[in-house]
Amino acid sequence: MRLRNESLATGSLLVLPPSGATPRTHSLLLLVEGAADIRALRDIEVACAPIVGRELKWHTVANQRDLATISPRPDPSRITRVEVAELRGLSVEVLRQLLAPALLLLQQGQPCFPSATRTEGSVVHGVDFLGRDSELTTLREFVMSGQHVLLAAPRRSGKTSLLRRFAQQNTSELNTVFVDVESFQSAEAFTTELVARSRGQVFTTETLKQVRVRGWKAALREAIHTLASGSRPLVLILDELVFFIDNLRRTPEDLLAVLSTLDGALSETGARLVVAGSMPLEQLSGDLNLGRLPGAFGALRRYALPPLAHDRLDLDLRRVLLGTGLVAEKGDMEWLLRHVDLSMPYPALRFVAHLASSAYERPLSIATLETELEAFLSRTGAFTELLGQLRQEAQTSLSTAQDIESILDRLSRLDSAMDAADVRGLLGGSEEAQAQRFAWLMEHFPLTLDGHRVRIASRLFQQFWRIHRGLTP
């Protein structure tokens, strides 16, 4: 594996002329190294033909320094360069699936491919958002039917990115207000944020002063009524609510008052509530001796965000390599597909970004890839949240935590799967307790249920767990 060579002299250029949405030219330059690329280049042009149409033509580039002679003249800062070698050996149909969305994004003046170096650890948008179409559909169905939802998954699983995508896709039907509540330390601060949103403003000290003068309860209720006053139903999304609850643990009376006041306003306006969190609300409520949470907060429909579907993982991984500038050479792609997938996007993108950094120093052979993977898994913090959940469970029930470790040990064997009934049986307790523990396990770890068989969905986590536990192959 190596970095893309963008200095290759010759290639084929597709120039997309300016439009109303994109006032500057955007271009795709396919770089050719030798005769072996000619057939692949022809297949690429065939694959792109239905998308680019007859009015757009490929231009032969004898030397990159002569791009100024092409009409319409390409904007040097808007040229996406790809080596033909990166696409060699793919069928026309696969090329079309790979390049069709890229060309549409190029026409809109956006990046063509997702990049591991651009997305790791941050909220992703646009082309960097991977998959989740079925999850977005499910969430929409819940909300449109008037349900309040808890979107549950470990941190770094893509909850925030999915909810922001949800808000972008449903603007014509819903008025979605997204609030990251993790940083708020008081009921007044949280209310001030909602008041500012209801006025189309941002949080200011002056708004906080007004909330204190009026009283936060009345201000909170009025803010929700204002936000819900339009023709579209209000969907209030509270990201990482458990951290806000934890921040108010010193004043539980204020905490319950916030939730009760907010629940009352949501009920009065018919608004929907979506809560995203990395730990169950009832667990934190029990830890704080709050009892049953009021109204909608105590009756949220739990939707556990599953690992990314496998049907597009190979294609999406190729797209990530293209966006990151990594060229998979002979045997590299097969190695990647055996060891890496995007079921958990965050650790996978961290590893691809790590490879890109290492490739700056030298090309990466298969043996080097093996070494880099082992080193990455030995020191990565990408799975810290999962281990934290297990530590939390151990403090509640040591035997259950040990049972979970035993199950993960068995599942971490290559190509290993277990019958769901056997997993429940290993968790011990009554049938009801087994069902609850099984649901907790499936929600907090990257596991998937295929029929009645449970397996680890993330190849990276499977290998990480073996290293973490010191298990032999």
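Please refer to the structure placed before this passage.
Residues numbered from 1 in each chain as written. Predicted model: local features only at pLDDT ≥ 70, side-chain atom pairs only at ≥ 80, totals over all residues. Heavy atoms only, no water.

Draft legend 1. Representation of the overall build of the protein. Tallying secondary structure elements over the protein gives 20 helices and 14 strands in all. With the principal axes as the frame, the protein shows a C-alpha extent of 75 × 55 × 35 Å. For the protein, contacts bridging at least 24 residues in sequence account for 73% of all contacts bridging at least 6. For the protein, the accessible surface area stands at approximately 21700 Å², while carbon and sulfur atoms represent 48% of it. Distance from the positive charge centre (53 side chains) to the negative charge centre (55 side chains) of the protein: 4 Å. (Helix = DSSP H or I, 4+ residues; strand = E, 2+ residues; numbered from the N terminus. Contact = heavy atoms within 4.5 Å. Areas by Shrake-Rupley, 256 points an atom, 1.4 Å probe, with all protein chains shown as cover. Lys, Arg positive; Asp, Glu negative; His and termini not counted. Charge placed at Lys NZ, Arg CZ, Asp CG, Glu CD.)

Draft legend 2. Summary view of unusual backbone geometry. With an omega dihedral of -5°, the bond running from S71 to P72 counts as a cis peptide bond. Positive phi, normally seen in glycine, also occurs at E240, with a value near 55°. Within the secondary structure, E240 is located in the loop between β8 (234-239) and α9 (241-247). Residue classification places E240 among the buried positions, given a relative accessible area of 5%. (Buried < 20%, exposed > 50% of the residue type's maximum accessible area, 1.4 Å probe, protein only.)

Draft legend 3. Just the nonpolar core, in detail. Residues L336, F383, F445, L447 and F461 are the most contacted members of the largest nonpolar core, which totals 55 residues. Aside from chain neighbours lying at most four places away, what touches F383 is M344, P347, L377, L460, F461 and F464. Counting residues in each nonpolar core, the second largest holds 40 residues, with A187, F190, L234 and A296 among its members. (Core = buried A, V, L, I, M, F, W, Y, C linked by side-chain atoms within 4.5 Å.)

Draft legend 4. Structural view of the environment of M1. Among the secondary structure elements, M1 is positioned in the segment before β1 (2-3). Judged by its relative accessible area of 2%, M1 is buried. Along the chain, M1 and P363 lie 362 residues apart, while their C-alpha atoms are 5.7 Å from each other. With sequence-adjacent residues up to four places away left out, M1 is seen in contact with L326, V327, A328, E329, D332, L336, L355, P363 and L364.

Draft legend 5. Seen up close, the packing of aromatic side chains. Going through the model one piece at a time under the given rule, you end up with 11 aromatic pairs. Judged by centre distance (5.3 Å) and plane angle (50°), the rings of F351 and F376 are tilted. Residue F351 is found in helix α14 (residues 345-359), and its partner F376 is found in helix α15 (residues 366-379); the two are separated by 25 residues along the sequence. We note that F351, like F376, is buried. (Phe/Tyr/Trp six-rings, centres within 6.5 Å; stacked < 30°, edge-to-face > 60°.)

Draft legend 6. Spotlight on the pattern of salt bridges. Across all of its chains, the model carries 19 salt bridges by this definition. One salt bridge in this structure joins R2 and E83, with 2.8 Å as the shortest N-O distance. You can see R2 sitting in strand β1 and its partner E83 sitting in strand β5 (residues 79-83), a full 81 residues away along the chain. The same class applies to R2 and to E83, which are both buried. Residues D409 and R469 are paired through a salt bridge, measuring 2.8 Å at the closest nitrogen-oxygen approach. Placement of D409 in helix α17 (residues 398-411) and of R469 in helix α20 (residues 459-469) is noted, with a sequence separation of 60 residues between them. (Salt bridge = Lys/Arg side-chain N within 4 Å of Asp/Glu carboxyl O.)

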